[in-house]
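Commentary on secondary and tertiary structure
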There are 2 protein chains.
Amino acid sequence: MRDVAIIGIGQTKYGEHWKRSLRDLAVEAGLKAVEDANIYAKEIDAIFGGNMAAGTVIGQDHLATIIADFAGLAEHNVPAVKVEAACGSGGAALHMGFMAVASGLYDMVLVGGVEKMTDVPGEHMTDALASAADREWEVTFGATFPSLGAMMARRHMYEYGTTREQLAMFPVVAHENASKNPMAQLRNRITVEKVLNAPVIADPLTLLDCSPITDGAAAVVLAPMEVARKYTDTPVKISASVATTDYISIHSRPSITTVKANVEAGRKAYRMAGVGPGDIDFVELHDAFSIISLIALEDLGFVEKGQGGKFAEEGQIALGGKLPVNPSGGLKAKGHPVGATGVGQVVETVIQLRGEAGERQVDGAKRALTHNVGGTASSVFVHILEVV
Amino acid sequence: MRDVAIIGIGQTKYGEHWKRSLRDLAVEAGLKAVEDANIYAKEIDAIFGGNMAAGTVIGQDHLATIIADFAGLAEHNVPAVKVEAACGSGGAALHMGFMAVASGLYDMVLVGGVEKMTDVPGEHMTDALASAADREWEVTFGATFPSLGAMMARRHMYEYGTTREQLAMFPVVAHENASKNPMAQLRNRITVEKVLNAPVIADPLTLLDCSPITDGAAAVVLAPMEVARKYTDTPVKISASVATTDYISIHSRPSITTVKANVEAGRKAYRMAGVGPGDIDFVELHDAFSIISLIALEDLGFVEKGQGGKFAEEGQIALGGKLPVNPSGGLKAKGHPVGATGVGQVVETVIQLRGEAGERQVDGAKRALTHNVGGTASSVFVHILEVV
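For every chain, the first residue of the written sequence is number 1, and numbering continues from 1 along that sequence. Think of it this way: whatever chain is written first is A, whatever ligand is written first is 1, and the rest follow in order. Owing to the predicted nature of the model, reporting of local features is limited to residues with pLDDT of at least 70; listing and counting of side-chain atom pairs is limited to 80 or more, with chain, interface and lining totals taken over all residues. Computation of side-chain values covers all heavy atoms of the structure but excludes hydrogens and water.

Concerning the side chain of K332(A)
Residue and element names in this part refer to chain A. Here is the rule: Think of it this way: any DSSP run of H or I at least four residues long counts as a helix, any run of E at least two long counts as a strand, and we number them from the N terminus. Between buried and exposed lies partly exposed: a residue is buried under 20% and exposed over 50% of the maximum accessible area for its type, with that area taken using a 1.4 Å probe on protein chains only. Only four residue types enter the tally: Lys and Arg on the positive side, Asp and Glu on the negative side, with His and both chain ends excluded. Salt bridge criterion: a side-chain nitrogen from Lys or Arg within 4 Å of a carboxyl oxygen from Asp or Glu. Here a polar contact is taken to be a pair of N or O atoms separated by no more than 3.5 Å, where protein atoms must pair a possible hydrogen donor with a possible acceptor and residues adjacent in sequence count only if both atoms sit in side chains. Contact definition: two residues touch when any of their heavy atoms are within 4.5 Å.
Locating K332 in the fold gives a position in helix 13 (residues 330-333). Buried charge K332 goes without a salt bridge, the closest partner of opposite sign being D287 at 7.7 Å. Of note is the side chain of K332, whose polar atom sits 3.0 Å from the side chain of H175. Excluding anything up to four places from it in sequence, K332 contacts P171, A174, H175, L186, L207, L208, D209, C210, S211, P212 and D287.

This is how it looks when you write it as structure tokens:
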């Protein structure tokens, strides 16, 4: 396998883009990444695009081809394929892009992710998102992702003494970091009290434990490591790209306070990169709900099982802490355009590893891990990125 | 890149499966492929699944993970990702699986495709299929795939003198071949007269120029060529795996009687496999409409541009002709479960190359080409398979 590097990044602002179409957002992010890579768009050999819900929400399938066409690449017949793993679609697309370059089949690959979520009424979008759970065995009986997350949170509190206040630290830190990220959707600072007193969505989770509805797109350009320095002085190596799955429904799992797909993805990623959790300088975790990132922090070996709440309470997940979590603002505050999220995490990671994150810079960051999931971590995509 | 072989195949009967669910069909095909490969399901390292419309039609995204779970693989945390390129989704999934094994990242890979199209009223399915065209610039203005195909056919008749009768030979041969395929949906023989006198769908295309609505699934197991003979005496090598795209809308193209994405996919595939069109013993072409396969036959270099109709009229596309087209019965008569089609073409090809096709066997077939497209060949996936 060839080593794979990221040589270009691009993203739109995350937020509510009422006047723009999905394809418009995707092309903006893609062309920014191409420009950042110092190449021409026609040098792209293949495109892998993450998206979850365009078929359901805007009636548009065949999405990667549509976007390639609108980016001006139809003339060059550039291969383009959409990849879907619910909210993990972006991570899945990166995994495809990694294979594409590692295999030697393609040299210059654009990996993108996009979602346009504000084009339909909220209840339509909620139903589209619910299609990441089992329609026949969960959704039909009333399960929603906040309610599934709430059960995981309640059980974690019962088993490990995790407190409501500890959970609240995840969104508090996310909003603090997003306040320093001009591309983020929710840039207001919040407090633990605000989280606790926000409207309850599914007890014990409140509105401020939940990521928002977001429009946005993100993209990266991959190239073989051996040629990466021709294009950039700061190539970022993908030293691990790992995918796993788990039981789709939490009712099938032996435990709901740990996700084996997280544990296995971490284990494989560390082995592939030849490092351990202690070698990671910061993480971008999939905090669709605060409990999901807390559990991931434990499952990925950064703290012992049950100690995630305490670690957060001590401030260790904040910038300057032992392991900064989501310097971008995370899904919670940077925003969660579902198909784009996994790619957006990687864009933030590259910005950090290049040392270009300004106010939210993680000092001396050399290696980071991204964790992007579909459903209640029924699909998990973990990448380890490093400057070399 | 490692050489990649197909060591196992499986498929459901194509047709109307009123009593069965999408996941049920997918698992049947997958487990048949696993059994055919003489392995245990838990030996599968990754799954790539082609599907177009489950999100729209049955409200189920996150599809590959759902199916992996229902196949009993959640316990083993097997990576599973859905791949979408409209009616080319199956070919796209095979392209991913090829990269996965070629790269060395995965050894044993299951590639599947599935579609359940009879669960919703016809007009709902027609709209879901229309999402493979440009919703904003084609579908909104009334374009449908039969009407787009009809324009391509009319222009081909005008430019090259192709006759209505010549076009009809494609469905006539497809039904003849399907009559010999127990897994096919439409096994009745038809005549040129029947095609011409069938209800007009979009002039000049009649009902019998159009592929049906189909439920079905297909799967193959891939492994590195170097170990393939441990599992089977008849490994089939994937000697080319190529993807291209074109302008999504035919109104953007310089010509509508040739598809550059076809031409480029063929050219790249022949180069990758080190062969030419004359070295191909039979083809499985994407005959969603008779004109689509006629144009592909020319674009892929099997006959000169404009000569496809004459070639068909002379009987050269039938079993025993110079280049048998769609011994399976093709999309027209074997059926067209859109996300499964590209994989099903490969299943038929392996059956033929193993010499196990019975009455519809192409004598002495050693090498074949499969051609699977999305939309009006806006995405094209070409594979060359051979016995070695």
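Focus on the domain arrangement of chain A
Residues and elements named next belong to chain A. Quick note on the threshold: Boundary definitions for the domains trace back to an automatic or database domain assignment. Put simply, buried area is how much 1.4 Å-probe accessible surface two parts lose in total, over both of them, once they are put together.
Along its sequence, chain A is organised into domain 1 (4-122 + 214-236) and domain 2 (129-211 + 239-387). The gap between the C-alpha centroids of domain 1 and domain 2 is 23 Å. Contacts between domain 1 and domain 2 engage 43 residues on the former and 39 residues on the latter. Contact between domain 1 and domain 2 buries roughly 3,100 Å² in total, counting both sides, with carbon and sulfur atoms accounting for 68%. By the criterion of area lost to domain 2, the three top residues of domain 1 are Y14, C87 and V236, representing 22% of everything that side buries.

Focus on the relation of the copies chain B and chain A
Which entries qualify depends on this criterion: Least-squares fitting of one copy onto the other uses the C-alpha atoms of those residues that reach a pLDDT of at least 70 in both copies.
Expressed as a screw operation, the relation of chain B to chain A combines 0.0 Å of axial shift with a rotation of 180°, fitting to an RMSD of 0.0 Å. Both chain copies can therefore be described as sitting about a two-fold axis. Minimal C-alpha separation from the rotation axis in chain B is found for S103(B), amounting to 1.8 Å. A shared interface surface links the copies, since 100% of the contact residues of chain B are contact residues in chain A too.

As for helix 5 (residues 122-130) of chain A
All buried positions along helix 5 of chain A are accounted for by M125(A), A128(A), L129(A) and A130(A). Buried residues along helix 5 of chain A sit against helix 2 (54-57), helix 6 (145-160) and helix 14 (338-353) of chain A.

Overview of the interface of chain B and chain A
Stated formally: Under the convention adopted here, Pro, Cys and the residues Ala, Val, Leu, Ile, Met, Phe, Trp and Tyr are nonpolar, Asp, Glu, Lys and Arg are charged, and Gly plus all remaining residues are polar. What makes two strands pair is DSSP finding at least two bridges between them.
Contacts between the two partners involve 64 residues from chain B, matched on the other side by 64 residues from chain A. Between chain B and chain A, a total of about 4,900 Å² is buried, with carbon and sulfur atoms accounting for 54% of that surface. Its largest share of buried area at the contact with chain A, chain B owes to H62(B), N77(B) and T245(B), together 15% of the area lost on that side. For the salt bridge of E136(A) with R23(B), the shortest nitrogen-to-oxygen distance reads 3.9 Å. Applying the counting rule to chain B against chain A returns 34 residue pairs in polar contact (both at pLDDT 80 or more). Listed by contribution, the elements that provide at least two residues to the side of chain B that touches chain A are helix 2 (54-57), helix 3 (63-70), strand 3 (80-84), helix 4 (89-103), strand 8 (236-245), helix 10 (260-273) and strand 11 (379-387) of chain B. Ranked by residue count, the leading element in the side of chain B that touches chain A is helix 4 of chain B, at 8 residues. Its residues assigned to classes, the side of chain B that touches chain A comprises 33 nonpolar, 19 polar and 12 charged. For strand 3 (residues 80-84) of chain A and strand 3 of chain B, the ladder comprises 3 bridges, and the chain directions are antiparallel. Paired with E84(A) across the strands is K82(B), a residue of strand 3 of chain B.

Some points on the environment of K310(B)
Residues and elements named next belong to chain B. Residue position: K310 is located in helix 12 (residues 308-313). Here K310 falls in the partly exposed class, since its relative accessible area comes to 44%. Spatially, the C-alpha atoms of K310 and L167 are 9.3 Å apart, while their sequence positions differ by 143 residues.

Focus on a nonpolar patch on the surface
Keep this limit in mind: Patches in this entry comprise residues that are over 30% relatively accessible and not in a salt bridge; like charges within 9 Å are linked, as are nonpolar side chains (Val, Leu, Ile, Met, Phe, Trp, Tyr) within 5 Å. The method behind every accessible area is Shrake-Rupley, applied with a 1.4 Å probe, and residues are considered shielded solely by the protein chains displayed.
A contiguous nonpolar patch, built from F70(A), W137(B) and F141(B) and spanning about 380 Å² of accessible area, is present on the exposed surface. Tracing the chain through its elements places W137(B) in the loop between helix 5 (122-130) and helix 6 (145-160).

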